Amino acid sequence: MEIDEFIEENRIGIFVEADLERKVFYIRKMDRELESYDLFQQLILYNSTENLDGYLSGKLLPQTWGQGNTVCILCKPNEGQIFALFLDTDLAGSEFPQYVKQLDMQLKEALQERQRKDQLLKVK
């Protein structure tokens, strides 16, 4: 699965990649409105990659935040990147943690696919 497929299939409203080495956020706003943008503002717009990385240090991943039906799932597949997935969901109870784990695994698979394609392009 590619990143774009992952975003579309999981109805992600905002996809953020934090590059910890360059200290920048790469933000992709999809054509999907979220119930609330407060989490996005607090975690990304009014924050830095260093603060976000510091917060995640030593915590079990992925981490989640919620406000109403809008959630943010923070994944850190490696030491150089953090991904923030903003979406609306009405999942609750035991379904939600399973869903978060599934998204984390799918994201890692999509990133591996991107890495394979990048390596193929470098070889050509």
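Placed above this text is the structure.
Residues numbered from 1 in each chain as written. Predicted model: local features only at pLDDT ≥ 70, side-chain atom pairs only at ≥ 80, totals over all residues. Heavy atoms only, no water.

(A) Molecular detail of the environment of Gln-63. Along the polypeptide, Gln-63 turns up in strand β3 (residues 63–67). For the pair Gln-63 and Val-24, spaced 39 residues apart in sequence, the C-alpha to C-alpha distance is 20 Å. Beyond its immediate chain neighbours, meaning those up to four positions away, Gln-63 contacts Tyr-55, Leu-56, Cys-72, Ile-73 and Leu-74. In terms of polar contacts, Gln-63 uses its side chain to reach the backbone carbonyl oxygen of Leu-60, at 2.6 Å. (Helix = DSSP H or I, 4+ residues; strand = E, 2+ residues; numbered from the N terminus. Contact = heavy atoms within 4.5 Å. Polar contact = N/O pair within 3.5 Å; in protein donor to acceptor, adjacent residues only side chain to side chain.)

(B) Quick look at the packing of aromatic side chains. Taken as a whole, this structure holds 3 aromatic pairs when the rule is applied. When the ring of Phe-15 is compared with that of Phe-83, the centres are 5.6 Å apart and the planes differ by 45 degrees; the resulting orientation is tilted. Of this pair, Phe-15 sits in strand β1 (residues 14–19) while Phe-83 sits in strand β5 (residues 81–88), placing them 68 residues apart in sequence. Taking the centre distance of 5.3 Å and the plane angle of 45 degrees together, the rings of Tyr-55 and Trp-65 count as tilted. Separated by 10 residues along the polypeptide, Tyr-55 in helix α3 (residues 49–56) and Trp-65 in strand β3 bring together distant segments of the chain. Directly above the ring of Tyr-55 sits Lys-59, whose terminal nitrogen or CZ lies 4.1 Å from the centroid. (Phe/Tyr/Trp six-rings, centres within 6.5 Å; stacked < 30°, edge-to-face > 60°. Lys NZ or Arg CZ within 6 Å of the ring centre and 35° of its normal.)

(C) Local environment of the pairing of β5. Counting buried residues in β5 gives 7 out of 8 residues, a clear majority hidden from the surface. Where β1 and β5 come together, 6 bridges link them in antiparallel fashion. Across the sheet, the residue bridging to Asp-19 is Gln-81, located in β5. Bridge count for strand β4 (residues 70–78) against β5 is 7 bridges, and the pairing is antiparallel. If you follow Leu-74 over to β5, its bridge partner there is Ala-84. (Buried < 20%, exposed > 50% of the residue type's maximum accessible area, 1.4 Å probe, protein only. Pairing = 2+ DSSP bridges.)

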